[in-house]
Amino acid sequence: MLKLPHVYLNSFIKEGVPYSLYVLFSPDKDLKDSPVFDGIRMENDAALKPASRGVHRCPCFAFDICQSSKSPENGTCKLEKDTVQILAKRIWISYFETESVNPEKGVTDVLQKLRTLSTALTVLVNESQEEATSSKLEEDFSDLLHQIMSELKEEDSISTFEFVESGLIKSLVDYLSNGRHIGQEVTHAADHFCTMGKRFEVFGQLLVSSTDPASEKSLILALIQRLQNGLSSVENFPVIPSHAYRTRNYYATVPSGHCTPYPCLKVQFVREKEENCLRDYADDIVNVDPFVPLEEIEGYLLPRVRNNKTGNSTLRSEDSKLKDSTCSPSPSDSSTPQGKSAEDIAPMVDVEELQEVKPNLLSSPTNTSSSAQKVMDAAEDSVDQEGHNPLQQEASTSTDSEDTPASLQLYLEGQELNCKSTLYQSILKQQTGTEHDSMSIATLWSRVYKITYGRHATTERIHCKRSHDESTLSLLCEKTFSQYTPYFCRMFISNAEAEELGPSYDVISLLKSLEGINRLRFQLMSRETMRVFAEGRTDDLNKLNSAICEVHQNEFVNKKLTEKLEQQMRNPIAASVGAMPAWCTLLMDWCPFLFGFEARCKYFHIAALGRLPNHTQSTSHGNNGGGSSGRHQNPRKKILVHRNKILESAAHMMELHSRQKVVLEVEYSEEVGTGLGPTLEFYTLVCHEFQRSGLGMWRDDCLVSLFGLFPRPWSPSQTTSSSTLHSEVIKKFTLLGHIVAKAIQDGRLLDLPFAKAFYKLILGKELSLYDIQSFDPALGRALLEFQAVVERKQYLKSHCEDSSRDVDVLLRNTKIEDMCLDFSLPGYPDYVLASGLDSKMVNLHNLEEYVALMVDATTKSGIARQVEAFKSGFDQVFPIRHLKVFTEEELERLLCGEHVLWNSDELLDHIKFDHGYTISSPPIANLLEIMKEFDLKQQRAFLQFVTGAPRLPTGGLASLSPNLTIVRKHCSKGIDDDLPSVMTCANYLKLPPYSSKEVMREKLLYAITEGQGSFHLS
């Protein structure tokens, strides 16, 4: 700008540099509702921190008007004396004080055009809310969206500043949400969600179907990348530094007596002055766990301040018992109940202690109750694992009257607190930007905080509970636009949460919509094919089975936010997600796709397990005290099991230890091997037992399923007539939930090829018609074609003058009646879809009912009890809701490891050679060639032989801990007579120096195929 202003001025204007400077030194001038300016103002409002003394050359000295002779190395940074506003003013006066760059008057042509399009879209959205949506209005929307997308697909013509400042992002979010995207109340909810569903479909089909073959970048990818750049420019989420404290055990009285490895906050609970329906809190100052949600603190406080005297003496006696309880050094989890019973607290177990597992026959019908009751009991058990305080449950069952509030509202220094946040987060939020910020941090742990409580204004907590009540909204959407129900159930957040996100809210909302479109693109394109078929423009339904290219999930990851989260988790105090800023938990709950997989794995370990992942924990000889992270590690417990009763041993093991935070290690009866290898093999054998035919658990009921394991449907009539068999199936699904959760908790790999749709159920997502094809392609395709016929019949009837006239629709030149279908589930003749319809045949008139009943039996009611049993078993180890930060594919990687085991390039990089071998040894060269020639089955057998598990952990060979090591085996006889042997606990392969590659291959294949099934000294 000093030498060539005419060259660079336009570039600075296009990138918004003058605008940013102007808003810095003119904070009182409201240019417009700008996300860019909002971000700048929010950052500028925060208190300036002292600059680092280690800076060798500060840029601010380039604008020193007086040209002070004091060097920046010895002096003080000008930012400590002059404010940022003054510095911005100097830059503005020097380079940008011209009429052409006045932010109040001049804008670029591109920005003006985008603003015009944004305004036009906003006008149309407002018109659609005032009058019924017509075909003309829909055409106007479609034309305008095409114009907007044609502008945005130009890569270099629009800068990030112009895109964000234009208002297009907010206009698109308003369009998709029908103008109510921040959780406002909806007057005609059914019409509102139906409109949202249609717009989501129209916008999604526009993005998915408009891929230009000549262009390397699809339209949806181009929009995602623009939004990522925009998010990085407007977000201003803080990274909170660590607050030092002494490392020792602390005791938290509230919300439930327990010990913590971090200090507690001193709190005094005070009743509001004009509050007459509540009592004063008895204690003066109490220690409060700083990292638990405020709703748990409220659950502790509510029964103690009610006017009714019932139960007060009991609560006081419980408090005294809690204070006398023994502390456990385990770190607390902010999202799970504190103060658990003795069986939930991991005991310190001697590593050498052995406990023989007594066989527990899983097939024993003794003391069996009805399967429905077992699921109900298991579900009730899982509620306690979901993080609900028993005292809070007691409060909810108390007598309700006008003088007995159902909930409390908490205040800190007059400001209302968000019950989803922790006390620590609330305090930090109030301190951010204060003039005495540094003093507040220094006294954070020693200060006494006065929290005022009063009755909540309404009995229904609109903003504390998430504004999208999933069950209610799910039912509503099912009646309006059911195919997008799972997406809409997670679209909304409350006003308080939206304010927490600040100017980033609209950008993140639109990114979330695009992520949903990408995830549902097969469904969107199938809907488009059905519409074209219904209108009679084609009779070809083969496109229903066409493959759709997806945008890679990594495109939705924001590198800046991921690095901020990683930096936050590196703080020593990050023993709980409640110690992180509120934006971390909010975004991880609402939009986890913004963070990289590795960062989410770390977050998951903190949230669900109370610790960061530590590779040394998976080894038998790792230091139990911590490893590199310095975090607490769970103790280990050795269990003796029987090879001939694997499933029974697993059931008894989980019955004893599923609720305990101990790392289980296996030793087989009458074998000498113990540690990591036998344990991994035990989990693998358990997985194979669950895949045996005849268990009644899976569709097709075979050992190997080409499309993955998915629960077999059981009809209500079958559960009554075959109660014992169905009860055993429910037991096995409960045990499977135990096994899966414990494997994740202990870092063990499982060899369970679940179908993608089953992973969706584990993650709490709903299945629809379009998911069936992923685990049963023939059935899924048939049902999609039937649905297309239904929609064609509906279209013809709606355009027929005589609505009572019958229409005739053929499917591949065949009448529905000629297919001879009855109302039973294909493959399960005993499963009658509806009572009274068993003898009724399917025809064109009842085809819609048939499809709906088929989908319900296959993905909902027919498998609901099995899925609930799995979840209840899982919840007994840790809450299954913590898995929601992953996608289905990522959950499979976390649970089962990598599909592709290794390639030739990485063998040399990640294998160690020791004790007689080097990389240049001839036997090593032969071994590497043999390993490169292995097919997938041989690779699995080799890994099972060497490590105990047939798969590699996430990250492949590089993540195998300890590293795969090849050592020389000294032979007592000839070098070609001995077989290779292994030490699975250390991933050691003891390989004789065979005379040739052919001999080595023969001996190695024999060892990996015949050397399974026992652990002995080698």
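Predicted model, so just to flag it, every value in this text is computed and none were measured. (Residues numbered from 1 in each chain as written. Predicted model: local features only at pLDDT ≥ 70, side-chain atom pairs only at ≥ 80, totals over all residues. Heavy atoms only, no water.)

S.K.: Where do I start with the overall build of the protein chain in this structure?
M.R.: The secondary structure content of the protein chain amounts to 37 helices and 17 strands. A total of 1018 residues make up the protein chain; the buried ones form 53% of that total. Intrachain contacts of the protein chain at a sequence separation of at least 6 include 74% that bridge at least 24 residues. Surface summary for the protein chain: the accessible area is close to 46400 Å², and the carbon and sulfur share equals 51%. (Helix = DSSP H or I, 4+ residues; strand = E, 2+ residues; numbered from the N terminus. Buried < 20%, exposed > 50% of the residue type's maximum accessible area, 1.4 Å probe, protein only. Contact = heavy atoms within 4.5 Å. Areas by Shrake-Rupley, 256 points an atom, 1.4 Å probe, with all protein chains shown as cover.)

S.K.: Teacher, can you tell me more about helix α24 (residues 597-609) here?
M.R.: An α-helical turn contains 3.6 residues, so a residue and the one three or four places further along point in the same direction. Between its terminal C-alpha atoms α24 stretches 17 Å, which fits the 18 Å expected from 13 residues at 1.5 Å a residue. For α24, a buried count of 11 out of 13 residues is recorded, marking the element as mostly surrounded by other parts of the structure. What α24 keeps buried is the set F597, A599, R600, C601, Y603, F604, H605, I606, A607, A608 and L609. Turning to α24, the residues buried within the fold contact α22 (559-569), α23 (582-590), α28 (723-746) and α33 (888-896). (Expected span 1.5 Å × (residues − 1).)

S.K.: In this structure, what is going on with the pairing of strand β9 (residues 636-641)? I would like to understand it.
M.R.: On any regular strand, side chains alternate: one points to one face of the sheet, the next to the other face. Of all 6 residues in β9, 6 are buried; the element is thus mostly enclosed. Residues R636, K638 and L640 point to one face of β9 and K637, I639 and V641 to the other, with burial holding for every one of them. The parallel pair β9 and strand β10 (residues 663-668), bridged by helix α25 (residues 646-657), forms a crossover whose chirality is right-handed. (Right-handed = clockwise from strand over helix to strand, strands pointing away.)

S.K.: Quick question: what am I supposed to make of the pattern of salt bridges here?
M.R.: Pairs can form between side chains of opposite charge whenever their charged atoms are close. The final tally for this structure, using the stated rule, is 39 salt bridges. Across the salt bridge formed by R455 and E275, the nearest N and O atoms sit 3.1 Å from each other. Here the residue R455 occupies a position in strand β8 (residues 448-455), and E275 occupies one in the loop between β3 (265-271) and β4 (286-288), the gap between them amounting to 180 residues. Here E275 falls in the buried class, since its relative accessible area comes to 6%. We note a salt bridge from K765 to E888, for which the minimum N-O separation is 2.6 Å. Taken together, the positions of K765 in the loop between α29 (756-762) and α30 (777-798) and E888 in helix α33 put the pair 123 residues apart, joining distant regions of the chain. Judged by its relative accessible area of 5%, E888 falls in the buried class. Connected via shared salt-bridge partners are E528, R531, E535 and R537. (Salt bridge = Lys/Arg side-chain N within 4 Å of Asp/Glu carboxyl O.)

S.K.: Hey, could you run me through unusual backbone geometry in this one?
M.R.: Trans is the prevailing form of peptide bonds, just as negative phi is the prevailing case for residues other than glycine. A cis amide bond links V254 with the next residue in sequence, P255, at an omega value of 5°. Turning to its location among the elements, P255 is positioned in the loop between β1 (250-252) and β2 (258-260). Located in the positive-phi region is N987, a residue other than glycine, with phi close to 55°. Structurally, the position occupied by N987 is in the loop between β16 (981-983) and β17 (988-991).

S.K.: Please explain a negative patch on the surface as it appears in this structure.
M.R.: A cluster of acidic residues, D806, D808, E817 and D818, forms a negative patch on the protein surface. Structurally, E817 is set in the loop between α30 and β12 (824-825). (Patch = residues over 30% accessible without salt bridge, like charges linked within 9 Å, V, L, I, M, F, W, Y side chains within 5 Å. Lys, Arg positive; Asp, Glu negative; His and termini not counted. Charge placed at Lys NZ, Arg CZ, Asp CG, Glu CD.)

S.K.: Quick question: what am I supposed to make of the sheet that holds strand β6 (residues 408-412) here?
M.R.: Two orientations exist for strands paired in a sheet by backbone hydrogen bonds: parallel and antiparallel. The sheet built from 5 strands is open, its strands ordered β4-β3-β8-β6-β7 with mixed pairing. One side of each edge strand has no neighbouring strand; the edge strands of this open sheet are β4 and β7 (415-416). Note that β3 and β8 share 6 bridges and pair parallel. Residue pairing in the sheet places V270 in a bridge with T452 of β8. Along the sheet, helix α11 (residues 294-305) contacts β3, β4, β6 and β8; its crossing angle with β6, the most-contacted strand, is approximately 115°. Contacting β3, β4, β6, β7 and β8, helix α15 (residues 423-431) crosses the sheet at an angle of about 85° to β3. (Pairing = 2+ DSSP bridges. Axes fitted to C-alpha atoms, helices over the stretch in contact; angles between N-to-C directions.)

S.K.: Would you take a moment to explain the packing of aromatic side chains for this structure?
M.R.: Two numbers describe a pair of aromatic rings. These are the distance of the centres and the angle of the planes. Going through the model one piece at a time under the given rule, you end up with 26 aromatic pairs. Between F269 and Y281, the ring centres sit 5.5 Å apart and the planes meet at 80°, which makes this aromatic pair edge-to-face. Here F269, found in strand β3, pairs with Y281, found in the loop between β3 and β4; they are 12 residues apart in sequence, far enough to count as distant. Classification of F269 by relative accessible area gives buried; the value is 5%. (Phe/Tyr/Trp six-rings, centres within 6.5 Å; stacked < 30°, edge-to-face > 60°.)

S.K.: What should I look at first to understand the side chain of S509 in this one?
M.R.: One can find S509 in helix α20 (residues 505-519). The class of S509 is buried, set by a relative accessible area of 8%. Residues within four places of S509 in sequence aside, it is in contact with V173 and W590.

S.K.: Would you explain the nonpolar core in this entry?
M.R.: It is characteristic of soluble globular proteins that their nonpolar side chains tend to be buried jointly. Membership of the largest hydrophobic core comes to 166 residues, with the highest contact counts inside it found for M149, F203, L594, L736, V740 and F754. Counting residues per element, this core draws most heavily on α28, at 10 residues. Listed in part, the 33 residues of the second largest apolar core include L265, V305, L412 and W445. (Core = buried A, V, L, I, M, F, W, Y, C linked by side-chain atoms within 4.5 Å.)

S.K.: Quick question: what am I supposed to make of the sheet that holds β17 here?
M.R.: An order of β14-β15-β17-β16 is seen for the 4 strands of this open sheet, with the pairing classed as mixed. One side of each edge strand has no neighbouring strand; the edge strands of this open sheet are β14 (911-914) and β16. Pairs of neighbouring strands in the sheet enclose a mean axial angle of 25°, with direction left out of account. The sheet contact formed by β14 and strand β15 (residues 964-968) spans 4 bridges and is parallel. Opposite D914, over in β15, you have V967 as the bridge partner. Of the strands in this sheet, β14, β15 and β17 touch helix α35 (residues 922-933), which is tilted by about 155° from β14. Lying over the sheet, helix α36 (residues 936-947) contacts β15, β16 and β17, oriented at roughly 60° with respect to β16.

S.K.: How should a nonpolar patch on the surface be read in this particular structure?
M.R.: A grouping of L4, V7, Y8 and F12 is seen on the molecular surface, where their side chains present a nonpolar patch of about 330 Å² in accessible area. Inspection of the secondary structure puts F12 in helix α1 (residues 5-14). Of the residues examined, F12 reaches a relative accessible area of 30% and is grouped as partly exposed.

S.K.: Can you help me understand the environment of L124 in this one?
M.R.: Relative to the helices and strands, L124 resides in helix α5 (residues 109-130). A relative accessible area of 11% places L124 in the buried class. Taking the C-alpha atoms as reference points, L124 and Y175, 51 residues apart in sequence, are found 8.6 Å from one another. Residues in contact with L124, not counting those within four places in the same chain, are L137, D140, F141 and L144.

S.K.: Looking at this structure, how should I read the environment of I91?
M.R.: Inspection of the secondary structure assignment puts I91 in helix α4 (residues 84-95). As a C-alpha pair, I91 and P18 span 73 residues in sequence and 9.2 Å in three-dimensional space.

S.K.: Any chance you could explain the packing of α36 against helix α37 (residues 997-1010) here in plain terms?
M.R.: Between two packed helices, what matters for the description is the angle formed by their axes and the separation of those axes. Direction vectors running N to C along α36 and α37 enclose 70°, while the axes themselves pass 9 Å from each other. It follows from the interaxial angle that α36 and α37 lie roughly perpendicular. Residues Q938, A941, F942 and F945 of α36 form the contact with α37, whose participating residues are R1001, L1004, L1005, A1007 and I1008. Residues of the contact of α36 with α37, tallied by class, amount to 7 nonpolar, 1 polar and 1 charged. (Parallel < 35°, antiparallel > 145°, perpendicular 65-115°, else oblique. Nonpolar A, V, L, I, M, F, W, Y, C, P; charged D, E, K, R; others polar.)

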